[in-house]
Amino acid sequence: ALVGLIFALCAASAWQNRRNKYVQMLLLFLSVDFFAHIVLRYGIEEAVIFGGHWLFAVPVLLGWAYRGLPRRLRPVLDGFLLLALAALLLHNGAEFARVFRLLRC
């Protein structure tokens, strides 16, 4: 659910900045990937390999969302992002602990 909220925030940022040439370029790259992965079915099973090149898009879009917010709402986004970071760190730490427990056996 948390990742879905982050992606929803990224989508809202892209919509808010849709006239920005860099956002248009980002959406063009996304449409090329969509065509290659969904229409041509190339690399759809290797999301770990072919999906990593989109990691840069999330902080860029979050930065544009932050810049587009009124000053009084920026602490709200800061708080949300800090909570998201804490939740993701907790989840990843629990997964690492689970994997290391499995490896010890």
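Predicted model, so just to flag it, every value in this text is computed and none were measured.

Visitor: Go over a nonpolar patch on the surface with me, naming the residues and quoting the values.
Guide: On the surface, a nonpolar cluster with roughly 640 Å² of combined accessible area is contributed by Phe-34, Phe-35, Ile-38, Val-39, Leu-40 and Tyr-42. Along the polypeptide, Leu-40 turns up in the loop between α2 (21-39) and α3 (47-50). On the accessibility criterion, Leu-40 (54% relative accessible area) is exposed.

Visitor: Which residues make up the side chain of Arg-74, and what values go with them?
Guide: Relative to the assigned elements, Arg-74 resides in helix α5 (residues 74-104). One buried charged side chain, Arg-74, makes no salt bridge at all; its nearest oppositely charged neighbour is Asp-78, positioned 7.9 Å away. One polar contact links the side chain of Arg-74 to the main-chain carbonyl oxygen of Tyr-66, over a distance of 3.3 Å. Within the local environment of Arg-74, its side chain forms a polar contact with the backbone oxygen of Leu-69, the two atoms lying 3.4 Å apart. Those residues within four positions of Arg-74 in sequence are excluded, and the remaining contacts are Tyr-66, Arg-67 and Leu-69.

Visitor: Could you give me a rundown of the packing of helix α4 (residues 57-68) against α5, with the residues and numbers involved?
Guide: Axis angle and axis distance: for two packed helices, these are the angle between their axes and the distance between the axes, and together they describe the pair. Between α4 and α5, the least distance of the axes is 9 Å, while the angle of their chain directions is 150°. Regarding the angle of α4 to α5, the classification is roughly antiparallel. Pair α4 / α5 crosses with right-handed handedness. Between α4 and α5, the residues in contact are Leu-62, Ala-65, Tyr-66 and Arg-67 and Arg-74, Leu-77, Asp-78 and Leu-81, respectively. When its residues are assigned to classes, the contact of α4 with α5 shows five nonpolar, no polar and three charged.

Visitor: Tell me about the nonpolar core, and name the residues and values.
Guide: The biggest cluster of nonpolar side chains holds eleven residues, and these are Ile-6, Cys-10, Ala-14, Val-23, Leu-26, Trp-54, Ala-57, Leu-61, Leu-62, Trp-64 and Ala-84. Where this core is concerned, the elements lending two or more residues are α1 (2-16), α2 and α4. The element that contributes the greatest number of residues to this core is α4, accounting for four residues. Dropping the residues within four chain positions of it, Trp-64 is found in contact with Ser-13, Asn-17, Asn-20, Tyr-22 and Val-23.

Visitor: Before we move on, could you go through the side chain of Asn-17 and cite the residues and values that matter?
Guide: Relative to the helices and strands, Asn-17 resides in the loop between α1 and α2. Taking relative accessible area as the criterion, Asn-17 reaches 13% and is therefore assigned buried. Not counting residues within four places of it along the chain, the set of residues in contact with Asn-17 comprises Val-23 and Trp-64.

Visitor: Lay out the packing of aromatic side chains in plain terms, naming residues and giving numbers.
Guide: Throughout the structure, instances matching the rule amount to one aromatic pair. Summarising the aromatic geometry, the rings of Phe-96 and Phe-100 are spaced 6.3 Å apart at their centres and angled 20° between planes, so their arrangement reads as stacked. In this pair, Phe-96 and Phe-100 are both assigned in helix α5, four residues apart and thus about one turn of the helix distant. Each member of the pair Phe-96 and Phe-100 is classed as exposed. Above the plane of the ring of Trp-15 lies Arg-18, whose end atom (NZ or CZ) is 4.1 Å from the centre. One Lys or Arg, Arg-74, reaches over the ring of Tyr-66 and ends 5.3 Å from the middle of that ring.

About the criteria used
- Residues numbered from 1 in each chain as written.
- Predicted model: local features only at pLDDT ≥ 70, side-chain atom pairs only at ≥ 80, totals over all residues.
- Heavy atoms only, no water.
- Patch = residues over 30% accessible without salt bridge, like charges linked within 9 Å, V, L, I, M, F, W, Y side chains within 5 Å.
- Areas by Shrake-Rupley, 256 points an atom, 1.4 Å probe, with all protein chains shown as cover.
- Salt bridge = Lys/Arg side-chain N within 4 Å of Asp/Glu carboxyl O.
- Helix = DSSP H or I, 4+ residues; strand = E, 2+ residues; numbered from the N terminus.
- Buried < 20%, exposed > 50% of the residue type's maximum accessible area, 1.4 Å probe, protein only.
- Lys, Arg positive; Asp, Glu negative; His and termini not counted.
- Polar contact = N/O pair within 3.5 Å; in protein donor to acceptor, adjacent residues only side chain to side chain.
- Contact = heavy atoms within 4.5 Å.
- Axes fitted to C-alpha atoms, helices over the stretch in contact; angles between N-to-C directions.
- Parallel < 35°, antiparallel > 145°, perpendicular 65-115°, else oblique.
- Left-handed = near helix turned anticlockwise from the far one by under 90°.
- Nonpolar A, V, L, I, M, F, W, Y, C, P; charged D, E, K, R; others polar.
- Core = buried A, V, L, I, M, F, W, Y, C linked by side-chain atoms within 4.5 Å.
- Phe/Tyr/Trp six-rings, centres within 6.5 Å; stacked < 30°, edge-to-face > 60°.
- Lys NZ or Arg CZ within 6 Å of the ring centre and 35° of its normal.

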